[in-house]
Amino acid sequence: MRFSEPFITPFDLIMQKTSRNDSERQSLLLVTGAIEQGGRTLSSVLRKGPLLGVTGSARVQNVQGEEVQEMDQVGQETFLSLFRRSRAVLSVLSEEAEKPEILEVDQTGPLLVAMDPLDGSSNISVNAPVGSIFAVFRPSTLDQNVDPEKLFLESASSMILSAYLLYSVSTSLVLSIEGETHIFTLDPDSGEYRGTGQAWRFPENGKIYSTNEAYVPLWESALQEYTSWIKTHRKPPMTLRYIGALVADFHRNLLKGGIYMYPAETGEKGRSAGKLRLLYEAYPMAFIAKNAGGSASDGKRPILSISPHTIHQRVPLVVGPADLVSEFHDRTGNPFRSS
Ligand code: P6P
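The structure displayed is predicted, hence computed values, not measured ones. (Residues numbered from 1 in each chain as written. Predicted model: local features only at pLDDT ≥ 70, side-chain atom pairs only at ≥ 80, totals over all residues. Heavy atoms only, no water.)

Draft legend 1. Quick peek at the overall build of the protein chain. Across its full length, the protein chain holds 8 helices and 15 strands. Whereas a compact globule of 339 residues would reach a radius of gyration of roughly 20 Å, the protein chain reaches 19 Å, a difference of no more than 12%. Looking at the protein chain as a whole, 56% of its 339 residues are labelled buried. Within the protein chain, contacts between residues separated by at least 24 positions form 65% of all contacts whose residues are at least 6 apart in sequence. Carbon and sulfur atoms form 48% of the exposed surface of the protein chain, whose accessible area is close to 14,700 Å². For the protein chain, the centre of its 33 positive side-chain charges and the centre of its 39 negative side-chain charges are spaced 5 Å apart. (Helix = DSSP H or I, 4+ residues; strand = E, 2+ residues; numbered from the N terminus. Rg over C-alpha atoms; globule rule 2.2 N^0.38 Å. Buried < 20%, exposed > 50% of the residue type's maximum accessible area, 1.4 Å probe, protein only. Contact = heavy atoms within 4.5 Å. Areas by Shrake-Rupley, 256 points an atom, 1.4 Å probe, with all protein chains shown as cover. Lys, Arg positive; Asp, Glu negative; His and termini not counted. Charge placed at Lys NZ, Arg CZ, Asp CG, Glu CD.)

Draft legend 2. Examining the pairing of strand 6 (residues 130-137) more closely. The buried fraction of strand 6 is high, at 8 of 8 residues. Here strand 6 shows a buried face lined by Val130, Ser132, Phe134 and Val136 and a second buried face lined by Gly131, Ile133, Ala135 and Phe137. Sheet analysis places strand 5 (residues 111-119) next to strand 6, joined by 6 bridges and oriented antiparallel. The residue bridging alanine 114 from the neighbouring strand is alanine 135, located in strand 6. (Pairing = 2+ DSSP bridges.)

Draft legend 3. Layout of the pairing of strand 8 (residues 171-177). Across the 7 residues that make up strand 8, a large majority, 7, are buried. Side chains Thr171, Leu173, Leu175 and Ile177 project from strand 8 onto one buried face, and the interleaved Ser172, Val174 and Ser176 project onto a second face that is buried too. Where strand 7 (residues 159-167) and strand 8 come together, 7 bridges link them in antiparallel fashion. Within strand 8, the residue paired with leucine 166 across the bridge is serine 172. Connecting the antiparallel pair strand 7 and strand 8 is a turn made up of 3 residues. For strand 8 and strand 9 (residues 180-186), the ladder comprises 6 bridges, and the chain directions are antiparallel. Within strand 9, the position partnered with valine 174 by the bridge is isoleucine 183. The turn linking strand 8 back onto strand 9 is made up of 2 residues, and glutamate 178 within it adopts a positive phi angle of 50 degrees.

Draft legend 4. Up close: the pattern of salt bridges. If you walk through the whole model with that rule in mind, you get 16 salt bridges. With its nearest N and O atoms 3.5 Å apart, the salt bridge here joins glutamate 36 to arginine 40. One end of the pair, glutamate 36, and the other, arginine 40, are both in helix 2 (residues 25-52), 4 residues apart, so they sit about a helical turn from each other. For arginine 40, a relative accessible area of 26% gives the class partly exposed. The residue arginine 301 makes a salt bridge to aspartate 298 at a minimum N-O spacing of 2.9 Å. Here arginine 301 falls in the partly exposed class, since its relative accessible area comes to 44%. (Salt bridge = Lys/Arg side-chain N within 4 Å of Asp/Glu carboxyl O.)

Draft legend 5. Summary view of the site of the ligand. Residues in close proximity to the ligand total 13 residues, the closest being Asp119, Tyr242, Leu246, Tyr260 and Tyr262. In the model, an oxygen atom of the ligand is placed 2.8 Å from a nitrogen or oxygen of the tyrosine 215 side chain. Between the ligand and the protein, one listed contact pairs an oxygen atom with a backbone N or O atom of leucine 246 at 2.7 Å. When the ligand is considered free in solution it has 400 Å² of accessible area, and contact with the protein chains removes 83% of it. Taken together, the residues of the shell around the ligand break down into 7 nonpolar, 3 polar and 3 charged. (Near = heavy atom within 4 Å. Polar contact = N/O pair within 3.5 Å; in protein donor to acceptor, adjacent residues only side chain to side chain. Nonpolar A, V, L, I, M, F, W, Y, C, P; charged D, E, K, R; others polar.)

Below is the structure:
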């Protein structure tokens with residue numbers, strides 16, 4: 001995406017994919033603008049992190065019982081404030097907060113946002129990539145007296161946009177809406193996010209797999225056999241790339257063709273629902289993947305067909321290009337209909 005080439009911005013994409021009588025167009029523009037601004041802010045703070053002393057632990061635990069990094073709190077406060085000021089978001093569900101936050105709205109077509117404000121934040125202290133993940137839903141009702149948790153659970157089937165920011169060598173914004181996935185790059189000087197205007201699709205015949213192989217002993221035998229096969233008997237064999245941040249691993253796999261797996265685990269010590277969260281990690285990645293010619297499952301069912309029972313529900317995740325996800329399902333004995 002060179003400066004000399006014609007480009008579009010996220011604003012242009014939303015305008016292209018919505019119509020003038022679309023009551024949600026204004027809200028989508030405001031929510032996307034908030035995501036863009038949060039990306040500029042976090043990208044700037046993360047670059048200076050070690051110099052600002054904000055790369056370490058905040059010495060508190062979040063609702064997930066995980067150690068909170070100082071930047072997790074910065075991410076939470078940054079995006080929550082921007083969504084609040086947009087006055088286009090009815091409620092925000094965040095990995096960093098037990099309950100969804102109810103916000104004041106002006107817009108006729110307000111939206112719901114589920115987010116992981118800073119995914120993979122333990123990478124910050126070692127200067128490795130991190131990201132922010134967003135799922136945007138059409139609320140099932142505008143009644144502000146409805147319990148917000150119930151609102152998210154009832155609106156989960158109405159995801160209309162998903163996005164992630166990747167803070168790495170450069171800052172990428174990936175936006176998926178109306179059947180297309182687009183990649184934008186932040187120009188840190190102008191603050192503009194530039195995209196080619198061409199929807200992105202996973203390349204076929206990818207050879208990358210991303211997973212934490214330390215947990216293979218806890219997996220069901222079919223997955224252990226698959227993981228052995230892809231390194232030994234598969235033609236061509238696959239290569240392992242794993243950065244420890246879902247957004248970074250997913251983004252490399254989106255560009256090069258690769259499958260990401262965080263499976264369920266067995267036994268007393270095993271995490272039977274895996275580690276990742278359904279509403280603000282698996283759903284948005286599945287939506288982005290689907291709109292880029294890919295698919296996502298929990299190892300057996302399409303992610304986007306799973307109705308959440310609780311807002312911080314965890315789910316196993318297999319996501320990537322359709323050919324690699326289908327191969328995974330064929331080899332592990334779970335015939336898969338991509339959703
Ligand atoms: P592990 C980060 O904590 C995260 O939620 C994802 O971003 C990442 O892919 C995964 O967990 C890493 O988990 O168990 O390999 O450290």
